[in-house]
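The lines below spell out each chain.
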Amino acid sequence: MNANPGQMAVADVTPNNLEAFWMPFSANRDFKANPRLLQSAQDMHFTTTTGKQVLDGTAGLWCCNAGHARPKIVEAVQKQVAELDFAPTFNWGHPKAFELAARVAALAPAPLDHVFFTNSGSESVDTALKIALAYHRMKGEGTRTRLIGRERGYHGTGFGGISVGGIVKNRMFFGSLLTGVDHLPSTYVPAQQQFSKGQPEWGAHLADELEKLVTLHDASNIAAVIVEPVAGSTGVLIPPVGYLKRLREITKKHGILLIFDEVITAYGRLGTPFAVDYFDVMPDLVTTAKGLTSGVIPMGAVLCTSEIYDAFMQGPDYAIEFFHGYTYSGHPVAAAAGLATLDVYKEEGLFERAAELAPYWEDAIHSLSDANRVIDCRNLGLMGAVEIESIPGEPSKRAYNLMLDCFEEGLMIRTTGDIIALSPPLIVEKSHIDQIVETLRKCLARAA
Ligand SMILES: Cc1ncc(COP(=O)(O)O)c(C=O)c1O
């Protein structure tokens, strides 16, 4: 027993050795020299181990759409872990996985009526790519193996995801990646789109670049196109008006599957259940994660049409139809968290709330257009980005320092390159939005 219980309490919350944890996508050395350790969270705020309150401007990592430590979700998880902590879903099952799949399918527009569970966005992406490849083979079109992504796309960190993704640092260290991948150009062309409110008017024709790739590779070799409806992780790049519809027309014309990676946009971020609803464009597959459980327990879900699902339902009844899955696909505790999260979204009308707040959010984001260093502001739903000019020769440093400064001022932001990405929980109040903008303006004013 510790002779000094007070000291023990501090030691409980503040580890004195940070070395062992190799932090993901982080500046490990800088963090470990000046750690920002979060101890607890409630609704819109984190509290650090030193007792500092930090407003969550990013829904954690684009995931805590219902806010933090929401009682209904907490209770559901606690109850489930005591009742059924684990159940295999390979040739076994448990009721909540089926219930959640049905609920997710009911939330989505009609053609998307089957759900494959994963544990993350990266796994959802790899799952969707594998479904696309196997689907064509099942249909007797096994030459369709090529996958098309997009420059500045982020589809997680699996080999499939980084291959179709378009972020050089995420790709350049990892060898030859998947073969047979090509990329569309990014939809973001600042000279034509800077300071657009909502969707830029210019750029629908960028979808026609797909026709060039079809001419180059031939449609008979192309399995799928995967894009984020709104690119989130590379800095909130909003699709031009008409772009996604055009992409759908071209993919359909050539028998190519269209995958929307909605890991960020699903579950209310745009004020609708899915971006599919917002843009009124129907892909063949949708990848989701994050907001499915409001980030409480890792879980992802891939939605697909009956046409795709049915193509797999062949052969003898006792045989496995799709050789893919994860130990934790449809995990009972994650499923319980997902069900409670969907309840919270519905009972509190959080998607509608996001839609109602979107105009206020748009004005708030664009009010920073004259702030120091700002070169672009972008927004859609409750997503926003403020791009700042880079320090010559030191890309991302200015935004990184701004993130540190905002933390000192009690605000969590996310930065990617020299872009500040914002995506508050959907329970955000106008006063929080004001605080986000005021803090950013203050920190930008002194950004060296
Ligand atoms: C569009 C998109 N796809 C995939 C992922 C990967 O998700 P995860 O980090 O859960 O693997 C992300 C994460 O931000 C994402 O934004």
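Residues numbered from 1 in each chain as written. Predicted model: local features only at pLDDT ≥ 70, side-chain atom pairs only at ≥ 80, totals over all residues. Heavy atoms only, no water.

Visitor: Looking at this model, I keep getting lost on helix H6 (residues 121-138). Mind explaining?
Guide: What sets the pattern is the α-helix's 3.6 residues per turn: residues three or four places apart point alike. The end-to-end C-alpha distance of H6, which contains 18 residues, comes to 25 Å, matching closely the 26 Å that a straight helix rising 1.5 Å per residue would cover. For H6, the full list of buried residues reads Gly 121, Ser 124, Val 125, Thr 127, Ala 128, Leu 129, Ile 131, Ala 132, Ala 134, Tyr 135 and His 136. For H6, the side-chain oxygen to backbone nitrogen distance between the N-cap and Ser 122 is 3.5 Å, and the N-cap itself is Ser 120. One or two residues past the end of H6 sits Gly 140, with phi positive at roughly 80°. (Helix = DSSP H or I, 4+ residues; strand = E, 2+ residues; numbered from the N terminus. Expected span 1.5 Å × (residues − 1). Buried < 20%, exposed > 50% of the residue type's maximum accessible area, 1.4 Å probe, protein only. Polar contact = N/O pair within 3.5 Å; in protein donor to acceptor, adjacent residues only side chain to side chain.)

Visitor: When you look at the packing of aromatic side chains in this model, what are you seeing that I'm missing?
Guide: The geometry of two aromatic rings is summed up by the distance between their centres and the angle between their planes. Considering all chains together, one arrives at eight aromatic pairs under this definition. Geometrically, the ring pair formed by Phe 116 and Phe 322 is edge-to-face, given 5.7 Å between the ring centres and 75° between the ring planes. Of this pair, Phe 116 sits in strand E4 (residues 112-118) while Phe 322 sits in the loop between helix H13 (306-312) and helix H14 (332-347); the two residues are 206 residues apart in sequence, bridging distant segments of the chain. Judged by its relative accessible area of 22%, Phe 116 falls in the partly exposed class. Three or more aromatic residues joined by ring pairs form one cluster here, namely Phe 116, Phe 312 and Phe 322. Directly above the aromatic system of Phe 407 lies the positively charged group of Lys 52, at a separation of 5.5 Å from the ring centroid. (Phe/Tyr/Trp six-rings, centres within 6.5 Å; stacked < 30°, edge-to-face > 60°. Lys NZ or Arg CZ within 6 Å of the ring centre and 35° of its normal.)

Visitor: Would you explain the pattern of salt bridges in this entry?
Guide: A pair can form between side chains of opposite charge whenever their charged atoms are brought close. Evaluation of the coordinates by the stated rule reveals 21 salt bridges. Measuring nitrogen to oxygen at the nearest pair gives 2.8 Å for the salt bridge that ties Asp 343 to Arg 103. Here Arg 103 lies in helix H5 (residues 95-107) and Asp 343 lies in helix H14, a separation of 240 residues in the sequence. Judged by its relative accessible area of 23%, Asp 343 is partly exposed. Accessibility expressed as a relative area gives 27% for Arg 103, which makes it partly exposed. Taken together, the shared-partner salt bridges connect Lys 72, Arg 103, Asp 343 and Glu 347 into one network. (Salt bridge = Lys/Arg side-chain N within 4 Å of Asp/Glu carboxyl O.)

Visitor: Help me understand empty space enclosed by the protein in this model?
Guide: One simple way to see leftover space: roll a probe sized like a water molecule over the atoms. All told, the structure shown has two cavities of 30 Å³ or more when counted by the stated rule. In this structure, the largest cavity spans a volume of roughly 40 Å³. Every residue along the wall of the largest cavity is listed here: Tyr 188, Gln 193, Ser 196, Gly 198, Pro 200, Ile 238 and Arg 378. Classifying every residue of the lining of the largest cavity gives three nonpolar, three polar and one charged. (1 Å grid on protein atoms, 1.4 Å probe; cavity = no way out; pocket = protein on both sides within 12 Å on 5 of 7 lines; lining within 4 Å. Points joined across faces, edges and corners; volume = space filled by probe spheres on them. Nonpolar A, V, L, I, M, F, W, Y, C, P; charged D, E, K, R; others polar.)

Visitor: Would you mind showing me how to read the environment of Asp 284 here?
Guide: With respect to the helices, strands and loops of the structure, Asp 284 is situated in the loop between helix H12 (275-279) and strand E9 (285-288). Asp 284 sits in the buried class, given a relative accessible area of 15%. Measuring from C-alpha to C-alpha, the distance between Asp 284 and Tyr 154 comes to 19 Å, with 130 residues separating the pair along the chain. Excluding residues that lie within four positions of it along the chain, Asp 284 makes contacts with Leu 112, Arg 248, Ile 256, Leu 257, Leu 258, Leu 303, Cys 304, Thr 305 and Ile 308. There is a polar contact of 2.8 Å between the side chain of Asp 284 and the backbone nitrogen of Leu 258. (Contact = heavy atoms within 4.5 Å.)

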